[in-house]
Amino acid sequence: MMSRSYTNLLDLAAGNFAALGGGGGGRSGLKRMPRVMTVPGTLSELDDEERANSVSSDVPSSIVQDRIIIVANQLPVRSKRRPDGRGWAFSWDEDSLLLQLKDGLPDDMEVLYVGSLRVDVEAHEQDEVAQTLLERFKCVPAFLPPDILEKYYHGFCKQQLWPLFHYMLPLSADHGGRFDRALWESYVLANKLFSQKVIEILNPEDDYVWIHDYHLMALPTFLRRRFNRLRMGFFLHSPFPSSEIYRTLTVREEILKALLNCDLIGFHTFDYARHFLSCCSRMLGIEYQSKRGYIGLDYFGRTIGIKIMPVGIHMGQLESVLRLPDKEWRVAELTQQFEGKTVLLGVDDMDIFKGINLKLLAFEHMLRWHPKWQGRAVLVQIANPARGRGKDLDDIQTEIQESCKRINDEFGSSGYSPVMFIDHPVSSVEKIAFYTVAECVVVTAVRDGMNLTPYEYIVCRQGISESVSDGPSKSMLVVSEFIGCSPSLSGAIRVNPWNIESTAEAMNEAISLSDAEKQLRHEKHYRYVNTHNVAYWSKSYLQDLERSCKDHFRRRCWGIGLGFGFRVVALDPNFRKLNVDTIVSTYERAKSRAILLDYDGTVVPQTSLNKIPSDAVIRIINTLCSDKRNVVFIVSGRGRSSLGKWFSSCPKLGIAAEHGYFLRWTRDEQWETTSQNADFEWMQMADPVMKLYTEATDGSSIETKESALVWHHQDADPGFGSAQAKEMLDHLESVLANEPVSVKSGQFIVEVKPQGVSKGLVAEKILASMMEIGRQADFVLCIGDDRSDEDMFEGISDIMRRGLVATNTSLFACTVGQKPSKAKYYLDDTTDVVNMLEALADASEPDHSTEAGVDPTPSTLENAEKCQ
């Protein structure tokens, strides 16, 4: 029996919001704005059930201009109560990245925001607040009930996702936060509430939706379920952990599959993207491809783009603060305060991953081992107020206070405190003044998504063009190698913050460098920061999102799956499911039929351990073979001995083994070879190479066939096995360059076989033999599931032009599974294949004369032709 809580979760994931007994925000009825409305209007009722399966139309609108809806946990607005206590006052939050990214969007693109407020708004005020925010700021607030907000944000987001994404495993109840399904359900519910707010203003044919950060990773599934062709992107602003860490998350597949409902997924660095791609490979079996500089994942016919682009800062906003009159006197005040001193600066949020205490320990070590800095060097550490809470944070704050006191007690003197710790809110002007006087900024975070502190410091040290400067600008950076901006700052001194001694030496080196060296490094960094700003980032992201969505209205799309298993299948308009009634009708009218069937993954499941055909399959094949108008072949990569044994009870079945190298028309006939090359000395060259890789790759094996060698790595580590397969492919191609063989890679295999052997060629041979005896096929059915079968589909694609079949032939090239293929048709799985073959068998006309030993099938006729 399924638990009630889990049933609720399935209701949420399936979009059955009503099943949970109402909406959020203290109101029982959900409302939405008309989808093309961006100005105040009348609220209309949202009939959730009526639109539960709605999808956008097949053609995009050309009337409404493009809009983008930016969705994040918090809106880019500041809120405060009016002095009289009546109502609220709102203003833009100029420091918000969501507001700043507008600079990179087209001028004519309308921008709307969906998110929550940082303040609690009473239920009776919510409608008025929502209308005000929509009218004045084009913002749509999501009001989360307090209990949901607590479990969603402070619970699942901050206690489970945030620590895990920063590499903290829940090894104990007090360390990292154990998985709590109630918190996960609240996370899903909150994401559902956000989706309702997006739907209120969404025009699915014209709008882009850009979702931000780990708070809303379930949101794409809710939106994709409602609008199959919605243009939707996601950007993760935190690290994405390695697959070994991520796989410890209980709901790992649910979150991965939700993200894969986006069209573009963005990360700050290649490391984060690589970890995500590794998770997709290891857990979902999805491999990425790189084409012309773009990385993509093929997921049920949709190509999901992977964007790697570190965010930048808003130059204009920062330079406007640099022009404020308060800045000059604050800089003068600090210059006087630290006269004769070298200032190192740290600006960090107060949380357990920022490595503030590691920085203090490194500074202490520097003072001890480089006494010349005692009395001269000052570390100013600004700690922004904590956004999280918990015992770990309390412990780190206590540790920081103790370190500051110890350092100041040991190395301080009258008028000199080596550590200046500021743990109260600091204004933007005051922070910029500290940046301006600091000789070096030190960032020792043990894990951080991006961290823009170094960028802000570089711009502040550069100053503004009209300001009077004492000389060329210079700056130095000591940054952790574990933060997102580190790869972009090639002139910084990168450190492992856990290594106290090396960090101390890096600090000493940074402030000891010559002014000329500091100037060169500063200029290099400033050029990068100035050009790779927030506008550059958002413009580049939107361009890639547009490119990823360009085929949305050209392809046929439909949704399949329940809950978080939901995904959209996108197929070429000409690629469709094989209709059983249609093929049976065509089959009945045909006079000469060729039926070519792959074996593994087609008539028996690929994952089945028992590869022997079932009694039902044997019965169906015998029925098909007994119709004198049919030529039926199993065309497989398997060896002839196993296929001959398994189908020994099918006397009229033709078999093409080892991709057609061996072929026989019936059970009683001799095997023939289709290749003229009978020299297999190349096996003595290929076998040692394969053995070398087998010994080095745990879980791999070699399959020795009569005509081919196959290296399997399905049971090896996915990443390592794939890498070894690519290396082996190059190695074998080099070793066998002068041999009459072909080396090919397939799904978890590398195969070496004689040249001129393929399923495509054997299909042509069978059809040509039928033509030679005057039995040109007017019905051809080919079914297969893997890359080798694509040769067969390609081989029969132009047989009509070449005259191998009748001019009115019906061709049915069918792949198993919905995936890109040269076939025009597909069936979902082996069950569909067997059911379709059974329908053909039911429509067959068995030739009872064969029971008396007469065999008028094309195979016997062809054999007689050969004897003559």
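### A few points about the pairing of strand β9 (residues 231-235)
For β9, a buried count of 5 out of 5 residues is recorded, marking the element as mostly surrounded by other parts of the structure. The side-chain alternation of β9 yields two buried faces, one formed by R231, G233 and F235 and the other by M232 and F234. This β-α-β element, strand β8 (residues 207-212) to helix α6 (residues 219-226) to β9, shows right-handed connectivity. Relative to strand β10 (residues 264-267), β9 runs parallel, the two sharing 3 bridges. Each bridged residue has a counterpart across the sheet, and for F235 the counterpart in β10 is G266.

### Re the packing of helix α10 (residues 315-322) against helix α15 (residues 453-462)
Axis angle and axis distance: for two packed helices, these are the angle between their axes and the distance between the axes, and together they describe the pair. Following both chains from N to C, one finds α10 and α15 inclined at 50 degrees, their axes separated by 10 Å at the closest point. The pairing of α10 with α15 is recorded here as oblique in orientation. Every pair of crossing elements has a handedness; the one defined by α10 and α15 is right-handed. Counting all contacts with α10, which are made through M315, L318 and L322, the residues of α15 involved are E456, V459 and C460.

### Quick word on unusual backbone geometry
Peptide bonds are mostly trans, and most non-glycine residues show a negative phi. In the Ramachandran plot, K138 falls in the positive-phi region, its phi being about 55 degrees despite a non-glycine side chain. Secondary-structure assignment places K138 in the loop between α3 (126-137) and β7 (139-141). For D213, which is not glycine, the phi dihedral falls at a positive 75 degrees. Residue placement: D213 occurs in the loop between β8 and α6. You can call D213 buried: its relative accessible area is 13%.

### Examining the nonpolar core
If you look at the biggest cluster of nonpolar residues, it comprises 181 residues, and the most contacted ones within it are V71, V209, F240, I265 and F276. Per element, the largest residue contribution to this core is 11 residues, and it comes from helix α5 (residues 181-201).

### Quick word on the sheet that holds strand β31 (residues 749-754)
Across the sheet, which stays open at both edges, the 4 strands sit in the order β28-β29-β31-β30 with antiparallel pairing between neighbours. Strands with a single pairing partner mark the edges of an open sheet, and in this sheet they are β28 (701-704) and β30 (741-746). Strand-to-strand, the axes of this sheet are offset by a mean angle of 15 degrees, without reference to chain direction. Bridge count between β28 and strand β29 (residues 709-712): 4 bridges; the pairing is antiparallel. When the sheet's bridge partners are listed, S701 is paired in β29 with H712. Packed onto the sheet, helix α22 (residues 682-696) meets β28, β29, β30 and β31 and runs at close to 10 degrees relative to β29.

### A closer look at the sheet that holds strand β18 (residues 476-480)
In space, the 6 strands of this open sheet follow the order β16-β15-β14-β17-β18-β19, with parallel pairing throughout. Across the chains shown, the open sheet's two edge strands, defined by having one partner strand only, are β16 (419-422) and β19 (493-495). Sheet twist, expressed as the mean angle between neighbouring strand axes with direction ignored, is 20 degrees. Contacts from helix α16 (residues 500-512) reach β14 (342-349), β17 (440-443), β18 and β19, with the element oriented near 170 degrees to β19.

### Some words on helix α25 (residues 787-796)
With 7 of its 10 residues buried, α25 lies for the most part within the structure. Turning to α25, its buried residues number three or more, namely S788, D789, E790, M792, F793, G795 and I796.

### Section: the confidence of the model for the protein chain
For residues with low pLDDT, the predicted coordinates do not support detailed interpretation. The share of residues in the protein chain with pLDDT of 70 or more is 88%, and the mean pLDDT across the chain is 85. Within the model, pLDDT remains below 50 along residues 17-64, and this stretch shows 106 contacts once partners closer than five positions in the same chain are excluded.

### Brief notes about empty space enclosed by the protein
Tallied over the full model, the rule gives 2 cavities of 30 Å³ or more. As for the second largest cavity, its lining consists of V603, V617, I620, I621, V834 and L837. By residue class, the composition of the lining of the second largest cavity is 6 nonpolar, no polar and no charged.

### Considering the pattern of salt bridges
In this structure the tally under the stated criterion is 40 salt bridges. A salt bridge links R368 to E410; its shortest N-O distance comes to 2.9 Å. Of the two residues, R368 sits in helix α12 (residues 356-369) while E410 sits in helix α13 (residues 391-411), which places them 42 residues apart along the sequence. For R368, a relative accessible area of 39% gives the class partly exposed. Counted as one network, the salt bridges with shared partners bring together R78, D93, D95 and R118.

The rules we used
Residues numbered from 1 in each chain as written. Predicted model: local features only at pLDDT ≥ 70, side-chain atom pairs only at ≥ 80, totals over all residues. Heavy atoms only, no water. Buried < 20%, exposed > 50% of the residue type's maximum accessible area, 1.4 Å probe, protein only. Helix = DSSP H or I, 4+ residues; strand = E, 2+ residues; numbered from the N terminus. Right-handed = clockwise from strand over helix to strand, strands pointing away. Pairing = 2+ DSSP bridges. Axes fitted to C-alpha atoms, helices over the stretch in contact; angles between N-to-C directions. Parallel < 35°, antiparallel > 145°, perpendicular 65-115°, else oblique. Left-handed = near helix turned anticlockwise from the far one by under 90°. Contact = heavy atoms within 4.5 Å. Core = buried A, V, L, I, M, F, W, Y, C linked by side-chain atoms within 4.5 Å. pLDDT = per-residue confidence, 0-100. 1 Å grid on protein atoms, 1.4 Å probe; cavity = no way out; pocket = protein on both sides within 12 Å on 5 of 7 lines; lining within 4 Å. Points joined across faces, edges and corners; volume = space filled by probe spheres on them. Nonpolar A, V, L, I, M, F, W, Y, C, P; charged D, E, K, R; others polar. Salt bridge = Lys/Arg side-chain N within 4 Å of Asp/Glu carboxyl O.

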